[in-house]
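# Analysis of the macromolecular model
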Amino acid sequence: MFCFMVEMERIVKANDREYNEKFQYADNRIHTSKYNILTFLPINLFEQFQRVANAYFLCLLILQLIPEISSLTWFTTIVPLVLVITMTAVKDATDDYFRHKSDNQVNNRQSEVLIDSKLQNEKWMNVKVGDIIKLENNQFVAADLLLLSSSEPHGLCYVETAELDGETNLKVRHALSVTSELGADTNRLARFDGIVVCEVPNNKLDKFMGILSWKDSKHSLNNEKIILRGCILRNTSWCFGMVIFAGPDTKLMQNSGKTKFKRTSIDRLMNTLVLWIFGFLICLGIILAIGNSIWESQIGDQFRTFLFWNEGEKSSVFSGFLTFWSYIIILNTVVPISLYVSVEVIRLGHSYFINWDRKMYYSRKATPAEARTTTLNEELGQIEYIFSDKTGTLTQNIMTFKRCSINGRIYGEVPDDLDQKTEITQKKEPVDFSVKSQVDREFQFFDHNLMESIKMGDPKVHEFLRVLALCHTVMSEENSAGELIYQVQSPDEGALVTAARNFGFIFKSRTPETITIEELGTLVTYQLLAFLDFNNTRKRMSVIVRNPEGQIKLYSKGADTILFEKLHPSNEVLLSLTSDHLSEFAGEGLRTLAIAYRDLDDKYFKEWHKMLEDANAATEERDERIAGLYEEIERDLMLLGATAVEDKLQEGVIETVASLSLANIKIWVLTGDKQETAINIGYACNMLTDDMNDVFVIAGNNAVEVREELRKAKENLSGQNRNVSNGHVVCEKKQQLELDSIVEETVTGDYALIINGHSLAHALESDVKNDLLELACMCKTVVCCRVTPLQKAQVVELVKKYRNAVTLAIGDGANDVSMIKSAHIGVGISGQEGLQAVLASDYSFAQFRYLQRLLLVHGRWSYFRMCKFLCYFFYKNFAFTLVHFWFGFFCGFSAQIALDTSYWTFINHVFIWGSIAIYFSILFTMHSNGIFGIFPNQFPFVGNARHSLTQKCIWLVILLTTVASVLPVVVFRFLKVNLYPTLSDQIRRWQKAQKKARPPSSRRPQTRRSSSRRSGYAFAHQEGYGELITSGKNMRTKNPPPTSGLEKTHYNSTSWIENLCKKTTETVSSFSQDKTVKL
């Protein structure tokens, strides 16, 4: 009785399975398959008989079992019907078998569960709600857990959430102080009997509310205390957690979506055609039945004496009724069941073409393309919208330090003798870092000038690298081999600290009060006086330190648009140079940060720090007062330069995006990453460009604000198009009037829409989603940031439902599974985030660039061949069927077949197999080795071609034939385009006129949008680890490092190779600037 009740809240008691079982919570077993042994037959048959042809032939089979109306045996129908159903069932069973195999692989993973005060290995599927689980470093989380304790100080642990939101930077989770004291003591953990009352299972990844009741006290729980299934424990030796949600109730599975039965548009078209053809068949049957009745009443009486019929035994009307059903059986070939068999065979062949395509084979990982389903190939040729993940799909998710600007000079280019920038390739000699200890061996830098400046002691270069080594939230530790391992909050920070490490400024360790770095071999400890953390408003971070000489320094890094406003007026010349460099870096798609510093007076800092302490202790307007103090001290900065970090795109992404755009396919990016990071990638892929008319950013916090922002964006877009169309007059007034209705819906410029997940949640509401869809479809590029997996699926469903467009979703992580399942075509990339996306996909390969070949080659071929095949097939069947219809007029409408079944079946086999055999026999004979020896005089090859082509009449015939063939077509098309132009011709002519009348646009190289493409690090979704670091919660207890910092070691280096080349990153030429017209 209670199992049907709706769960209002979840109550879980630790270490008490008997108590939790009365609530009948789901276990930890997952199911992504469609069938099981009992349900396979009924469900699969139901799906198959949704095909109209299958249902039609089932009815036909029933009719053939009636001897009075059937002139054909039931065997001719049941054999092909059973064959078709069996083949399809086997294919569906095979696909579902692999889903079961994947489920079993996950369900049988081992996890350590605390049972009877002992840790025992249990399969994931046997884990129950309320169990306490032990996790170890780099291990997947089995269920949604409440973190109880960990190996880190204060119950902290680090998790990677790539499979949930696509981000690979680490997240911090921390246990309650009352439970972190349990540590790893299994006896104390076994006695833990806390009760958790929390929200019901839902799909919100960033929210959790609950209360833990233990020892007569209650403790509030939030998302920071929860570790979700799909996360990976990182940089934490062990942790213990209590299972809150298991199996299908976990947030990962709540976002995964359901496996849907996908059918192509050709399948739906064939169903419609079959219905029309069935109607046509009924018309033929009625005509022949009427003819039979007339023939029986007027002529048939003369034959009854020979047939030994009794008078009146058979009326003409009843004879016509029986004849109708007889002809339905005889003319059934107009609706051929072999059509579906042939279609499946063709699809299977196309699937093998995809699997065998060597141009889609990724040799580095030995990964071929794979068609995981054989029923959707022709749909690839009709894609209109592509929904793509960002991290791991468009990018490699690898950050590398590429270039920098220090004191007005760019480092990262290799100059040649002519002082021209040259491309850096693998053939150039990289800087040799092997002489240094504790360097990152994978780091490469090709400009030797930076190392020369460091060796020469350039103070600006040293200060620049010192900022990179001090101003960050990175945590360091040493592994068993003595190598430095960095724990980073953002991949950008990791790239910058690693670069400073390789150039001689090595971040060694930190405490809540100090930061220790090694500067060119000398260990130096700085006193950390203040940490000014970053957030979405500040878009920068700063540290205030005291060096061993007693000087107080403020080091800052952040977005250039913010930091440049804080500079001292004396930086004007350097600011201009650095701005040019930043524009150059951004033009190459690099993620940039500005670097600055300030010398502080001791007295001024003490006064400021006293005010900061007062602000921290305030109860009212605390955040505003702290922000004001941050603004006060972060002024009059001295600019040092800027950094440029590359979030590497996958190979061929830019060309693929450009080709798909030229094919009029719209690409939407749906990512869980930060907004500015997604914008950077959009610029790097040329999906976003500085030439765009406008970029609309939707960031409303409620439905009213979102609706208003969408309305303003639509008005702005419509207004700009109206100004363009009003500002240019087309010569042909009549043509302009005819196209007015089209121009209203045509966007003449390039626009982009950027919306975050919070605003998208409101925009997807019933009264706003139409405005969102209308605006999005008018834009060339759409980027959705910070979206949950379920929101990705909702966006896909929105376009599917209201645009009636064929959609494709592509991703590489578990957070893309729901989107992949929702789209007409799902493509999985076998990347670094596991194989969840591949297992849920219809097609898979290793690189995004292969999507171009999949759609534009295989998709086009499949669709074109299938259409040609259907045209021929229906023509063949109509020709065969109408012969029997015409034969009815000569046989007294007696429902006799024109050709005996065995006869025309034999003839078909002879012609088909005989023609193939004769063709290959002649082919092999003509190219065999023995035939030349037997008939040497029959092969006079020499001279024929030369003698034939020397005759003038031959060339005259070729010329006349070519002219006679081509000229009528050219004249016909010329007259048709000019006298009866199509809608496309009219729009193309109008666009050319608009382009000629439009004044040339002057580009200003120094102008940048307010929303610059700068580092996503400076636009973080959440505040950093600053408060965590200064509080000391994440610090291990250990002996303090030496603080003298005076001992220097001999700095050993090799002789530097002279600079022979100069580097330039070759900017990918922008593709056609023609504006596409979307009706």
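Residues numbered from 1 in each chain as written. Predicted model: local features only at pLDDT ≥ 70, side-chain atom pairs only at ≥ 80, totals over all residues. Heavy atoms only, no water.

Per an unreviewed UniProt entry, the recorded name for the protein chain is Phospholipid-transporting ATPase, and the organism is Colobus angolensis palliatus. Of the protein chain, the UniProt comment under Sequence similarities (unreviewed entry) reads exactly: "Belongs to the cation transport ATPase (P-type) (TC 3.A.3) family. Type IV subfamily." Quoted verbatim from the Cofactor (unreviewed entry) heading of the UniProt record, the comment on the protein chain is "Mg(2+)". (UniProt positions renumbered as here; feature names shortened; annotations may be inferred.)

### Description of the overall build of the protein chain
Per the secondary structure count, the protein chain includes 36 helices and 33 strands. Among the 1079 residues that make up the protein chain, the fraction classed as buried is 49%. Within the protein chain, counting contacts between residues at least 6 apart in sequence, those at least 24 apart form 74% of the total. When the accessible surface of the protein chain is summed, it comes to about 53,500 Å², and 57% of that surface belongs to carbon and sulfur atoms. (Helix = DSSP H or I, 4+ residues; strand = E, 2+ residues; numbered from the N terminus. Buried < 20%, exposed > 50% of the residue type's maximum accessible area, 1.4 Å probe, protein only. Contact = heavy atoms within 4.5 Å. Areas by Shrake-Rupley, 256 points an atom, 1.4 Å probe, with all protein chains shown as cover.)

### Here we look at helix α19 (residues 622-633)
Since the α-helix packs 3.6 residues into each turn, any two residues three or four apart lie on the same face. Helix length check: α19, at twelve residues, gives a terminal C-alpha distance of 17 Å against a target of 16 Å (1.5 Å per residue), a fit within 8%. Three or more residues of α19 are buried, namely I626, L629, Y630 and I633. Buried residues along α19 cover an arc of 105° about the axis, so they all sit on one side. Structurally, α19 contributes buried residues whose contacts are with β22 (522-532), β23 (540-546), β24 (552-558), β25 (591-600) and α18 (602-617). (Expected span 1.5 Å × (residues − 1). Arc of directions from axis to C-beta.)

### Points about empty space enclosed by the protein
Under the counting rule described, the total for this entry stands at three cavities of 30 Å³ or more. Of the volumes computed, that of the second largest cavity is approximately 60 Å³. In terms of lining, the second largest cavity is formed by W668, L753, I755, L760, L772, L773, A776, V782, C784, V795 and L798. If you list the elements that add at least two residues to the lining of the second largest cavity, you get β29 (751-756), α26 (769-778), β30 (781-785) and α27 (789-803). Among the elements that line the lining of the second largest cavity, the one with the most residues is α26, at three residues. Class assignment for the residues of the lining of the second largest cavity results in eleven nonpolar, no polar and no charged. (1 Å grid on protein atoms, 1.4 Å probe; cavity = no way out; pocket = protein on both sides within 12 Å on 5 of 7 lines; lining within 4 Å. Points joined across faces, edges and corners; volume = space filled by probe spheres on them. Nonpolar A, V, L, I, M, F, W, Y, C, P; charged D, E, K, R; others polar.)

### Overview of the UniProt feature "transmembrane region" (unreviewed entry) in the protein chain
With numbering matched to this structure, UniProt assigns "transmembrane region" (unreviewed entry) to residues 72-90, 273-295, 315-341, 878-899, 911-932 and 953-975. For residues 273-295, the helix share is 100%, the strand share is 0%, and the end-to-end C-alpha distance is 32 Å.

### Notes on the pattern of salt bridges
Within the structure shown, the criterion is met by 33 salt bridges. The shortest N-O distance in the salt bridge between K34 and E47 comes to 3.6 Å. Placement of K34 in the loop between α1 (17-21) and α2 (40-48) and of E47 in helix α2 is noted, with a sequence separation of 13 residues between them. A relative accessible area of 13% means that E47 is categorised as buried. D771 is the partner of K714 in a salt bridge, and the nearest nitrogen-oxygen pair spans 3.7 Å. With K714 in helix α22 (residues 703-727) and D771 in helix α26, this pair connects stretches of sequence that are 57 residues apart. Taking the relative accessible area as the measure of exposure, K714 reaches 17% and is therefore buried. Several salt bridges share partner residues, and in doing so they unite E463, R466, E519, K553 and D599 into one network. (Salt bridge = Lys/Arg side-chain N within 4 Å of Asp/Glu carboxyl O.)

### What to know about the packing of aromatic side chains
By the definition in use, this model includes 30 aromatic pairs. For the pair Y19 and F23, a centre-to-centre distance of 5.7 Å together with 70° between the ring planes defines the contact as edge-to-face. When its relative accessible area of 23% is taken as the criterion, Y19 is described as partly exposed. Using a relative accessible area of 30% as the deciding quantity, one classes F23 as partly exposed. Grouping aromatic residues by their ring pairs yields a cluster made of F885, W886, F889, F890 and F893. The ring centre of F873 lies 4.5 Å from the NZ or CZ of K876, which sits over that ring. (Phe/Tyr/Trp six-rings, centres within 6.5 Å; stacked < 30°, edge-to-face > 60°. Lys NZ or Arg CZ within 6 Å of the ring centre and 35° of its normal.)

### A short note on α18
Across its 16 residues, α18 extends 23 Å between first and last C-alpha, which sits within 8% of the 22 Å expected from 1.5 Å per residue. Residues of α18 that are buried in the fold lie against β22, β23, β24, β25 and α19. One side-chain oxygen of the residue at the start of α18 lies 3.1 Å from the amide nitrogen of K603, identifying that residue as D601. (Polar contact = N/O pair within 3.5 Å; in protein donor to acceptor, adjacent residues only side chain to side chain.)

### Brief notes about the packing of helix α9 (residues 265-298) against helix α11 (residues 316-330)
One way to put it is that α9 packs onto α11 with a least axis distance of 8 Å and a crossing angle of 145°. Between α9 and α11 lies a crossing of right-handed hand. Where α9 abuts α11, its residues L281, I282, G285, I286, L288, A289, N292, S293, E296 and S297 lie against S316, V317, S319, G320, T323, F324, Y327 and I328. Within the contact of α9 with α11, the residues separate by chemical class into nine nonpolar, eight polar and one charged. (Axes fitted to C-alpha atoms, helices over the stretch in contact; angles between N-to-C directions. Left-handed = near helix turned anticlockwise from the far one by under 90°.)

### Observations concerning the environment of L775
Within the secondary structure layout, L775 lies in helix α26. Given the relative accessible area of 0%, L775 is considered buried. Residues L775 and L753 lie 22 residues apart in sequence; the distance between their C-alpha atoms is 8.0 Å. The residues contacting L775, other than those within four sequence positions of it, are F696, L710, A713, K714, L717 and L753.

### A word on unusual backbone geometry
Phi is positive for N15, close to 60°, though the residue is something other than glycine. As for its position among the elements, N15 is in the loop between β1 (10-13) and α1. Assessed through its relative accessible area of 31%, N15 is described here as partly exposed. For R786, which is not glycine, the phi dihedral falls at a positive 55°.

### Considering the sheet that holds strand β12 (residues 232-234)
Strand order across the open sheet formed by three strands is β7-β6-β12, with antiparallel pairing between neighbours. Single-partner strands in this sheet number two, and they are β7 (170-174) and β12. Taking the axes of each pair of neighbouring strands and ignoring which way they run, one obtains an average angle of 45° across the sheet. As judged from the five bridges shared by strand β6 (residues 156-160) and β7, these two strands associate in the antiparallel manner. Residue C157 lies in a different strand from β7, and its bridge partner there is R173. (Pairing = 2+ DSSP bridges.)

### Regarding the pairing of strand β21 (residues 514-519)
For β21, the buried fraction is high: six of the six residues fall into the buried class. Burial along β21 is two-sided: the face carrying T514, T516 and E518 and the face carrying I515, I517 and E519 are both buried. Where strand β20 (residues 505-510) folds back on β21, the antiparallel hairpin that results is connected by three residues. Here β21 runs beside β22; their pairing, made up of six bridges, is antiparallel. Considered in β22, the bridge of E519 is made with T522.

### Structural notes on the sheet that holds strand β28 (residues 694-698)
Spatial ordering of the open sheet is given by β14-β33-β32-β31-β15-β27-β30-β29-β28, a layout of nine strands whose pairing is mixed. Two strands bound the open sheet, and with one partner strand each, they are β14 (370-371) and β28. Judged from the four bridges that link them, strand β15 (residues 385-388) and strand β27 (residues 666-670) form a sheet pairing that is parallel. Considered in β27, the bridge of Y385 is made with K666. The sheet strands contacting α26 are β15, β27, β28, β29 and β30, and the helix crosses β27 at an angle near 125°.

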